[in-house]
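# An overview of the molecular structure
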Amino acid sequence: MQQRKKSSKKVTSWEVLGRQLAEFRRVAGLTQGQLAERAQVGEDTVSSVEQGRRRLQADLAERLDTILETKQALSTAVSTIPTHERFPLFVQDFIEHEQRAITLLSYENHLIPGLLQTPEYARAVFNNSYPPIPAQEVEESAQARIDRQQILSSGKPPMMSFIIEESVLQRHLGDPEAMRRQIEHLRACADLPFLSLQIMPTDTDAHAGLAGPLVLLETPEHDHLAYIEGQYKGVMVEDPDEVSMFQQKYGMLRAQALTPHKTKALLDTLLGVT
């Protein structure tokens, strides 16, 4: 089969904004170090923002506007950057496809999938980032993740399937009550008519997903894609032969996991519901 051509590298809004900041700084006659000192941030922060490698946080944009006398130009630019570009560069293509998908299949072995996380759980995930990230970035990242969930309440949500390892439910990120609320949320999601939720039992003797997490997408044009994510890296797979292999893997995972009915019963048991 012929492989579709991969799109060329896109220039992100953060890169454009970074170039604007660099120009504003030069016009003001400041070095990166001088601007960093006045803004009370590290010089590496200014350098990373100017190169588009780091998002410009809203509070820092306001301080820079004041220092550079740019009449809220930076703050306004930050507030108008497209939603998907609020996410790390490596995941932006996936987010774009996720928001347009007509079918979404997800297997997760370490965390509750982002589309099913509560705000508390999302914050706990980002609070476990290492190296640690600033508290404001935790809040912004968690909110961006929760905002993705609007597709669940849209007028025409995609058909969705989630398979989650049972061990994920036993890993209590955050306090116990927050984890209970997360499991309650999962139980509510399991009743959505367009969503299938299955738990992969820990005591299984056969497992098709040992290689790690996997997301499969079908676009409105009926292209089939796969997304594989690891340590700060993500890959969109477009080759039909590779995607077919992942679809076969997901089909076997569905057969090996608990049925949606048994999954609901397990969640009820964890919640103490008889």
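Residues numbered from 1 in each chain as written. Predicted model: local features only at pLDDT ≥ 70, side-chain atom pairs only at ≥ 80, totals over all residues. Heavy atoms only, no water.

## A few points about the side chain of Glu 98
Take Glu 98: it is sitting in helix H6 (residues 92-100). Given the relative accessible area of 2%, Glu 98 is considered buried. For Glu 98, the residues in contact, after removing those within four places along its chain, are Leu 104, Leu 115, Arg 148, Ile 151 and Leu 217. (Helix = DSSP H or I, 4+ residues; strand = E, 2+ residues; numbered from the N terminus. Buried < 20%, exposed > 50% of the residue type's maximum accessible area, 1.4 Å probe, protein only. Contact = heavy atoms within 4.5 Å.)

## Here we look at the packing of helix H7 (residues 119-127) against helix H8 (residues 135-148)
The interhelical angle for the contact between H7 and H8, taken along N-to-C directions, is 135°, at an axis separation of 9 Å. Considering their axes alone, H7 and H8 lie oblique with respect to each other. The handedness of the crossing between H7 and H8 comes out as right-handed. When H7 is examined against H8, the residues Pro 119, Ala 122, Arg 123, Val 125, Phe 126 and Asn 127 are found in contact with a partner set consisting of Val 138, Glu 139, Ser 141, Ala 142, Arg 145 and Ile 146. The residue inventory of the contact of H7 with H8, partitioned by class, reads seven nonpolar, two polar and three charged. (Axes fitted to C-alpha atoms, helices over the stretch in contact; angles between N-to-C directions. Parallel < 35°, antiparallel > 145°, perpendicular 65-115°, else oblique. Left-handed = near helix turned anticlockwise from the far one by under 90°. Nonpolar A, V, L, I, M, F, W, Y, C, P; charged D, E, K, R; others polar.)

## Observations regarding unusual backbone geometry
Cis geometry marks the peptide bond from Tyr 130 to Pro 131; its omega dihedral reads 0°. Among the secondary structure elements, Pro 131 is positioned in the loop between H7 and H8. Within the chain, Gln 40 stands out as a residue other than glycine whose phi angle is a positive 60°. Positionally, Gln 40 belongs in the loop between helix H2 (32-39) and helix H3 (43-50). Owing to a relative accessible area of 71%, Gln 40 belongs among the exposed residues under this scheme.

## Thoughts on the sheet that holds strand E2 (residues 159-165)
Within the open sheet, the six strands sit side by side as E3-E2-E1-E4-E5-E6. Their pairing is mixed. Two strands in the sheet have a free side with no partner beyond their single neighbour: strand E3 (195-200) and strand E6 (234-237). Each strand of the sheet is rotated relative to its neighbour by a mean of 10°, with strand direction disregarded. As judged from the six bridges shared by E2 and E3, these two strands associate in the parallel manner. If you follow Ile 164 over to E3, its bridge partner there is Ile 199. Together, strand E1 (103-108), strand E4 (214-218), strand E5 (224-229) and E6 form the strand contacts of H6, whose direction differs from that of E4 by roughly 50°. (Pairing = 2+ DSSP bridges.)

## Observations concerning the nonpolar core
Looking at soluble globular proteins, one finds that nonpolar side chains tend to be buried together. Of all hydrophobic cores here, the largest spans 36 residues; its most connected members are Phe 94, Leu 116, Met 160, Phe 162, Leu 186, Leu 195 and Leu 197. The greatest single-element share of this core, amounting to four residues, is contributed by helix H10 (residues 176-189). By size, the runner-up hydrophobic cluster in this structure holds 17 residues, among which are Leu 21, Leu 30, Ala 36 and Leu 64. (Core = buried A, V, L, I, M, F, W, Y, C linked by side-chain atoms within 4.5 Å.)

## Description of the pairing of E6
Of the pairings in the sheet, the one linking E5 to E6 comprises four bridges and is antiparallel in character. In the strand pairing of E6, Ala 226 is matched with Val 237. Linkage of E5 to E6, two consecutive antiparallel strands, is achieved through a turn of four residues, within which Tyr 232 is found at a positive phi near 55°.

## As for the packing of aromatic side chains
One pass over the full model with this rule turns up one aromatic pair. Measuring from ring centre to ring centre gives 4.3 Å for Phe 94 and Tyr 227, while their planes differ by 10°; the resulting arrangement is stacked. With Phe 94 in helix H6 and Tyr 227 in strand E5, this residue pair connects regions lying 133 residues apart in the sequence. The exposure class of Phe 94 is buried, given its relative accessible area of 6%. (Phe/Tyr/Trp six-rings, centres within 6.5 Å; stacked < 30°, edge-to-face > 60°.)

## Quick look at the side chain of Ser 47
Looking at where Ser 47 falls in the secondary structure, it is placed in helix H3. Aside from chain neighbours lying at most four places away, what touches Ser 47 is Gln 32 and Arg 53.

## What about the packing of H2 against helix H4 (residues 58-68)?
Packing of H2 against H4 leaves a shortest axis separation of 10 Å and a crossing angle of 115°. The angle between the axes of H2 and H4 places the two elements in the roughly perpendicular class. The handedness of the crossing between H2 and H4 comes out as right-handed. Residues Leu 35, Arg 38 and Ala 39 of H2 touch H4, and the partners they reach there are Leu 60, Arg 63, Leu 64, Ile 67 and Leu 68. Of the residues contributing to the contact of H2 with H4, the split by class is six nonpolar, no polar and two charged.

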